[in-house]
Amino acid sequence: MSNDNPNTDRFSHDAGILAQALPYMQRYEGKTVVVKYGGHAMGDAKLGQAFARDIALLKQSKVNPIVVHGGGPQIASMLKNLGIESKFEGGLRVTDKRTMEIVEMVLAGSINKEIVALINAEGEWAIGLCGKDGNMVFAKKAEKTVKDPGSNIERVLDLGFVGEPVEVDRTLLDLLARSELIPVIAPVAPGHDGNTYNINADTFAGAIAGSLGAKRLLFLTDVPGVLDKDGKLMPELTVREAKALIADGTISGGMIPKVETCLEALDNGVEGVVILNGKTPHVVLVELFTEHGAGTLIVR
Ligand SMILES: Nc1ncnc2c1ncn2[C@@H]1O[C@H](COP(=O)(O)OP(=O)(O)O)[C@@H](O)[C@H]1O
Ligand SMILES: CC(=O)N[C@@H](CCC(=O)OP(=O)(O)O)C(=O)O
């Protein structure tokens, strides 16, 4: 039979891609994937839509996706509009009572609902939550110290209402995993002291993924992954290799706490953690459902 259908080539190309993706889709079936969606990866409408489509497709592929989002730049811009200065110590936002109110409004309010709406527009059912909902996460005041570079003396930081997660109750998340709903979670949590705490979104995502023993924890950031001394992407790292890269200075700045959160999550039972570029459209699907992946996978 002669074949003069101009679509045949395209169809067989697409069929080839689907056939290759299938074993990867099966690998994640029924498994939990926590995706940390950072504030720097948001903001572009097309990218936001591609992200929401990826999350929707994961759910349709019977994966259990959980989104934990940040929103640092968005908080900064709201604070600026209100004439409040953003102040950071050791990478964390110094959060007084008024700032905490704004942080909660922006994270658990506008950003959270924007992501929910984007996923819903892809035909899925997302539900916006924060640590307060269903008593999911409790936090305590963060205890951080920094070494004074001149004297090397340790100084205790008072970051106000910055918290660290101390308890994660997975009841609500387990319930949602068995439902049609996709949780979208803001990193705000109550303390047993009655206060509300602002938690770094990477730390929060690590705690959620750890409590669920997630198959994957994906960090969407603004670089392709962990880069070596020549700026080349390192597709896979062990815990030992990652520690060595921190020690020799190859990993620096904001990548240090990110990789440290990855190592902690692995310690707490997450199977693999990936750092990848949130500015690449459909990076989540490429990472999970292709042989080559997209970022740096860190495993034990
Ligand atoms: N070895 C490295 N590989 C990749 N990025 C690195 C490395 N060392 C330092 N960085 C820096 O870490 C940044 C990512 O951390 P950060 O800005 O805190 O991310 P986010 O705001 O997405 O949480 C990168 O933009 C890069 O400047
Ligand atoms: C304590 C602390 O610093 N909290 C962060 C929470 C948001 C966040 O982490 O957002 P990104 O992931 O976009 O950076 C903040 O207030 O900016």
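What you see is a predicted model; the values in this text were computed from it and never measured.

## A closer look at the pairing of strand β7 (residues 144–147)
Note on strand geometry: in a regular strand, side chains alternate between the two faces of the sheet. As paired strands, β7 and strand β8 (residues 154–157) are joined by four bridges and run antiparallel to one another. When the sheet's bridge partners are listed, Lys 144 is paired in β8 with Leu 157. The turn joining β7 and β8, which pair antiparallel and follow one another in sequence, is formed by six residues; a positive phi near 65° is taken by Asn 152.

## Description of the site of ligand 1
The immediate surroundings of ligand 1 are formed by 15 residues, with Thr 221, Asp 222, Leu 227, Thr 250 and Lys 258 found nearest. Looking at the shell around ligand 1, its residues break down into five nonpolar, six polar and four charged.

## Quick notes on the sheet that holds strand β15 (residues 272–277)
Strand order across the open sheet formed by eight strands is β5-β10-β2-β1-β13-β15-β16-β14, with mixed pairing between neighbours. Strands at the two margins of the open sheet, each flanked by one partner only, are β5 (125–130) and β14 (236–238). For this sheet the average axis-to-axis angle between neighbouring strands, irrespective of direction, equals 20°. Judged from the two bridges that link them, strand β2 (residues 64–69) and strand β10 (residues 181–186) form a sheet pairing that is parallel. Paired with Val 68 across the bridge in β10 is Ile 185.

## Re the pattern of salt bridges
With the rule as written, the count across this model stands at 12 salt bridges. Here Lys 215 ties to Glu 271 by a salt bridge, and the two come within 3.0 Å at their closest N and O atoms. Of this pair, Lys 215 sits in the loop between α6 (201–212) and β13 (216–221) while Glu 271 sits in the loop between α8 (255–267) and β15, placing them 56 residues apart in sequence. Three or more residues joined by partner-sharing salt bridges are found here, namely Lys 36, Asp 202 and Lys 258.

## Overview of the site of ligand 2
Taken together, 15 residues are adjacent to ligand 2, and Lys 36, Gly 39, Gly 71, Arg 93 and Ala 201 come closest. Gly 39 places a main-chain nitrogen or oxygen 2.7 Å from an oxygen atom of ligand 2. Burial of ligand 2 by the surrounding chains reaches 91%, relative to a free accessible area of 430 Å². Of all elements in the fold, only α3 (72–81) and β4 (92–93) reach the threshold of two or more residues within the shell around ligand 2. A per-element tally of the shell around ligand 2 places α3 first, with three residues. The class makeup of the residues in the shell around ligand 2 is six nonpolar, seven polar and two charged.

## Points about unusual backbone geometry
Positioned with a positive phi, Asn 135 is a non-glycine residue whose angle comes to about 50°. Relative to the assigned elements, Asn 135 resides in the loop between β5 and β6 (137–141). Using a relative accessible area of 48% as the deciding quantity, one classes Asn 135 as partly exposed. We note that Asn 152 has phi near 65°; this positive angle belongs to a residue other than glycine. Within the secondary structure, Asn 152 sits in the loop between β7 and β8.

## Considerations on the UniProt feature "binding site: substrate" (unreviewed entry) in the chain
Within the UniProt annotation, "binding site: substrate" (unreviewed entry) is assigned to Gly 71, Gly 72, Arg 93 and Asn 198. Across 128 residues in sequence, these annotated residues keep their C-alpha atoms within 11.7 Å of one another, forming a single compact spot. Counting through the fold element by element, Gly 72 comes out in helix α3. Take Gly 72: its relative accessible area is 31%, and that puts it in the partly exposed class. Leave out the neighbours within four places in its chain, and Gly 72 touches Gly 39 and Arg 93. Mapped onto the secondary structure, Asn 198 falls in strand β12 (residues 196–198). Asn 198 has contacts with Arg 93, Thr 95, Met 100, Val 103, Leu 107, Phe 161, Val 162, Gly 163 and Pro 187, leaving out every residue within four places of it along the chain.

What counts and what doesn't
- Residues numbered from 1 in each chain as written.
- Chains lettered and ligands numbered in written order.
- Predicted model: local features only at pLDDT ≥ 70, side-chain atom pairs only at ≥ 80, totals over all residues.
- Heavy atoms only, no water.
- Pairing = 2+ DSSP bridges.
- Helix = DSSP H or I, 4+ residues; strand = E, 2+ residues; numbered from the N terminus.
- Near = heavy atom within 4 Å.
- Nonpolar A, V, L, I, M, F, W, Y, C, P; charged D, E, K, R; others polar.
- Axes fitted to C-alpha atoms, helices over the stretch in contact; angles between N-to-C directions.
- Salt bridge = Lys/Arg side-chain N within 4 Å of Asp/Glu carboxyl O.
- Polar contact = N/O pair within 3.5 Å; in protein donor to acceptor, adjacent residues only side chain to side chain.
- Areas by Shrake-Rupley, 256 points an atom, 1.4 Å probe, with all protein chains shown as cover.
- Buried < 20%, exposed > 50% of the residue type's maximum accessible area, 1.4 Å probe, protein only.
- UniProt positions renumbered as here; feature names shortened; annotations may be inferred.
- Contact = heavy atoms within 4.5 Å.

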